[in-house]
Amino acid sequence: MAERVLLTPSLPLPTTRPSTTTMATISGTAAARMIPSATRATVSLSSSSRSFFSFSSSSSSVSSLQCLRSSPRISHLFLDQRRADVRVSSGRYGTASVTKALASDPDQLKSAREDIKELLRTKYCHPLMIRLGWHDAGTYNKNIEEWPQRGGANGSLRFEAELKHGANAGLVNALKLLQPIKDKYSGVTYADLFQLAGATAVEEAGGPKIPMKYGRVDVSGPEQCPEEGRLPDAGPPSPADHLRQVFYRMGLNDKEIVALSGAHTLGRSRPDRSGWGKPETKYTKDGPGAPGGQSWTAQWLKFDNSYFKDIKEKKDEDLLVLPTDAALFEDPSFKVYAEKYAEDQEAFFKDYAEAHAKLSNLGSKFDPPEGIVIDGSPNAEKFVAAKYSSGKE
């Protein structure tokens, strides 16, 4: 988007180089760069997390990470790299053109998505990417109007102040995996990158196309991180009441709570990170990726409605059922949707896609305000190769 300033043709343009003062005036707020801020402290993560969003990564390459600062590739992990560029040109009519960068560059978003797909194919980190996006967005409080105090999807999870929250144990691994992509595409905000990775992970695992939009603005420093305690627990005294307390605070309803719970069809819970699950089962002892943990479903890298079927049947002791999972079939209101999704995968996919998109937008400040769509339409049809295999050249 460009703001154009037309100078009167009868007034001659200066032929000498503008003074420093003049350049400062031209630059103004449109050319201002956000000053990077960084934390110097070593990340220390709790292993006693009790997060509801506790699906974990299967990547073996990041399991022993000790400190974000130890790698030069992520030495500026905590920096806000949002830029605003200014271009001044003169022509016949003395036109000065000022170009202000959006929060994220659409072309770089598309390219970053392709790199994320390759990362998913090689690291099997679909569950971890979904958890990262959800935890960045899941701090939203609808009762707070001011940004970024209201929380939500704003990239704050890249800072140590939020990473060290117990519910975020292990998410430093997701950041390390994504940082080379962030380095490559500096025109993409962290807030957008986290949500792009989560939505792409769902789709690449066989799930529905998520009607996403981008252009989220990043917070600039750790002082803008939300306080600990906004994310849901996996084993509260009253699971159904707890889920409603947390998700209603975000503006979500019972149907959306149950639909989003279905993402547990992916991933495993590791007792050393979440405090839940077995060290390994017959479904996880051989990976893929790092072995171990306990999954909710037998095919824990396939997005389908198995989660609801398996909880309903409760026949396999090697499959995990958290108190918040069991509540979906115990609470009368939740049960209506859980039963429906166990029988109708298409209905689950439709409701999940809508709920995921809603969650990913919570609390975000978009630039431009209407957001950026990189698929032509937020409801673009998922590509099905068989539909194009008619033999035509």
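Residues numbered from 1 in each chain as written. Predicted model: local features only at pLDDT ≥ 70, side-chain atom pairs only at ≥ 80, totals over all residues. Heavy atoms only, no water.

Novice: Would you mind showing me how to read the overall build of the protein here?
Specialist: Within the protein, the regular secondary structure consists of 13 helices and four strands. Out of the 393 residues belonging to the protein, those deemed buried represent 52%. (Helix = DSSP H or I, 4+ residues; strand = E, 2+ residues; numbered from the N terminus. Buried < 20%, exposed > 50% of the residue type's maximum accessible area, 1.4 Å probe, protein only.)

Novice: Can you walk me through the nonpolar core in this structure?
Specialist: Nonpolar side chains tend toward joint burial in soluble globular proteins. Counting 73 residues, the largest nonpolar core has M129, L178, F303, F308, L328 and Y352 as the members making the most contacts within it. Ranked by residue count, the leading element in this core is helix α6 (residues 190-204), at eight residues. Shared between two domains, this core holds at least three residues of each, these being domain 1 (106-224) and domain 2 (239-356). Excluding residues within four positions of it along the chain, F308 makes contact with V258, G262, L328, F329, A338, Y341, A342 and F348. If you look at the next biggest cluster of nonpolar residues, it comprises six residues, including W147, F159, V217 and V219. (Core = buried A, V, L, I, M, F, W, Y, C linked by side-chain atoms within 4.5 Å. Domains from an automatic or database assignment. Contact = heavy atoms within 4.5 Å.)

Novice: Looking at this structure, I do not really get unusual backbone geometry. What am I missing?
Specialist: Glycine aside, negative phi is the norm for most residues, and most peptide bonds take the trans geometry. Put simply, G287 and P288 share a cis peptide bond, and its omega is 10 degrees. Note on placement: P288 falls in the loop between α9 (271-274) and β4 (294-295). A positive phi angle is found at Y124, which is not glycine, with a value near 55 degrees. Inspection of the secondary structure assignment puts Y124 in the loop between α2 (106-123) and α3 (126-137).

Novice: What am I meant to see in the pattern of salt bridges here?
Specialist: Side chains bearing opposite charge may pair, as long as their charged atoms lie close to each other. Applying the stated rule across the entire model yields 16 salt bridges. Note that D375 and R113 form a salt bridge whose closest N and O atoms lie 2.7 Å from each other. Placement of D375 in the segment after α13 (345-361) and of R113 in helix α2 is noted, with a sequence separation of 262 residues between them. For K209, the salt bridge is made with D375, and the minimal N-O distance between the two is 3.3 Å. Highlighted residues: K209 in the loop between α6 and α7 (239-249) and D375 in the segment after α13, separated in sequence by 166 residues. Each of R113, E203, K209 and D375 takes part in salt bridges that share partners, so that together they form one network. (Salt bridge = Lys/Arg side-chain N within 4 Å of Asp/Glu carboxyl O.)

Novice: How should I be thinking about the packing of helix α12 (residues 332-343) against α13 in this particular structure?
Specialist: The interhelical angle for the contact between α12 and α13, taken along N-to-C directions, is 120 degrees, at an axis separation of 5 Å. Taken together, the axes of α12 and α13 are oblique relative to one another. Along its contact with α12, which presents K340, Y341 and E343, the element α13 presents Q345, A347, F348 and D351. Among the residues making up the contact of α12 with α13, the classes are represented as three nonpolar, one polar and three charged. (Axes fitted to C-alpha atoms, helices over the stretch in contact; angles between N-to-C directions. Parallel < 35°, antiparallel > 145°, perpendicular 65-115°, else oblique. Nonpolar A, V, L, I, M, F, W, Y, C, P; charged D, E, K, R; others polar.)

Novice: Just checking my understanding: could you explain the confidence of the model for the protein for this structure?
Specialist: Reading predicted coordinates in detail is not appropriate for stretches of low pLDDT. Taken as a whole, the protein shows an average pLDDT of 79; of its residues, 70% reach a score of 70 or greater. Scored below 50 in pLDDT, residues 1-50 makes 90 contacts in the model with residues more than four places away or belonging to other chains. Here residues 377-393 is a poorly scored stretch, pLDDT under 50, and it has 13 contacts once near neighbours within four places are set aside; other chains count. (pLDDT = per-residue confidence, 0-100.)

Novice: Help me understand the packing of α2 against α6, please; the structure alone is not making it clear to me.
Specialist: The axes of two packed helices give the description: the angle between them and the distance between them. In the contact formed by α2 and α6, the axes pass within 10 Å of each other and the chain directions differ by 55 degrees. Taken together, the axes of α2 and α6 are oblique relative to one another. Considering only the axes of α2 and α6, their crossing is right-handed. Here α2 contributes L109, A112, R113, I116, K117, L120 and R121 to the contact with α6, which in turn contributes D192, L193, L196, A197, T200, A201 and E204. (Left-handed = near helix turned anticlockwise from the far one by under 90°.)

Novice: Help me understand the packing of aromatic side chains, please; the structure alone is not making it clear to me.
Specialist: To describe a pair of aromatic rings, one takes the distance between the centres and the angle between the planes. Here the structure, examined in full by the defined rule, presents ten aromatic pairs. A ring pair is formed by Y307 and F308, whose centres lie 5.1 Å apart and whose planes are at 75 degrees; its orientation type is edge-to-face. The exposure classification of Y307 matches that of F308, with both residues buried. By way of ring pairs, the aromatic residues F303, Y307, F308, Y341, F348, F349 and Y352 are connected into one cluster. When the ring centre of Y190 is taken as reference, the NZ or CZ atom of K182 above it lies at 4.8 Å. Directly above the ring of F334 sits R244, whose terminal nitrogen or CZ lies 4.2 Å from the centroid. (Phe/Tyr/Trp six-rings, centres within 6.5 Å; stacked < 30°, edge-to-face > 60°. Lys NZ or Arg CZ within 6 Å of the ring centre and 35° of its normal.)

Novice: What's the story with the side chain of D218 in this structure? I'm lost.
Specialist: Turning to its location among the elements, D218 is positioned in the loop between α6 and α7. Among buried charged residues, D218 stands out as having no salt bridge; its nearest opposite-charge side chain is R158, 4.3 Å away. At a separation of 2.9 Å, a polar atom in the side chain of D218 contacts the main-chain amide nitrogen of Y190. A polar contact of 2.8 Å, which involves the side chain of D218, links it to the backbone nitrogen of A191. (Lys, Arg positive; Asp, Glu negative; His and termini not counted. Polar contact = N/O pair within 3.5 Å; in protein donor to acceptor, adjacent residues only side chain to side chain.)

Novice: What am I meant to see in the environment of P226 here?
Specialist: Among the structural elements, P226 can be located in the loop between α6 and α7. The exposure class of P226 is buried, given its relative accessible area of 9%.

Novice: I tried to follow α3 on my own but got confused; where do I start?
Specialist: For an α-helix, the turn length of 3.6 residues means that residues three or four places apart are oriented alike. Its twelve residues place the ends of α3 17 Å apart at the C-alpha level, agreeing with the 16 Å of an ideal helix rising 1.5 Å per residue. Within α3, twelve of the twelve residues are buried, which leaves it mostly tucked inside the rest of the structure. On the buried face of α3, the contacting elements are α2, α4 (160-163), α5 (172-184), α6, α8 (254-261) and α13. (Expected span 1.5 Å × (residues − 1).)

Novice: What is the right way to look at α13 in this model?
Specialist: Taking 1.5 Å of rise per residue, 17 residues should cover 24 Å, and α13 covers 24 Å from first to last C-alpha, within 8% of that figure. If you check which residues of α13 are buried, you get A347, F348, F349, D351, Y352, A353, A355, H356, A357, L359 and S360. Against the buried residues of α13 lie α3, α6, α8, α10 (306-313) and α12. A distance of 3.2 Å separates the backbone nitrogen of E346 from a side-chain oxygen at the start of α13, and that oxygen is part of D344. Looking one or two places after α13, you find G363, whose phi comes out positive at around 75 degrees.

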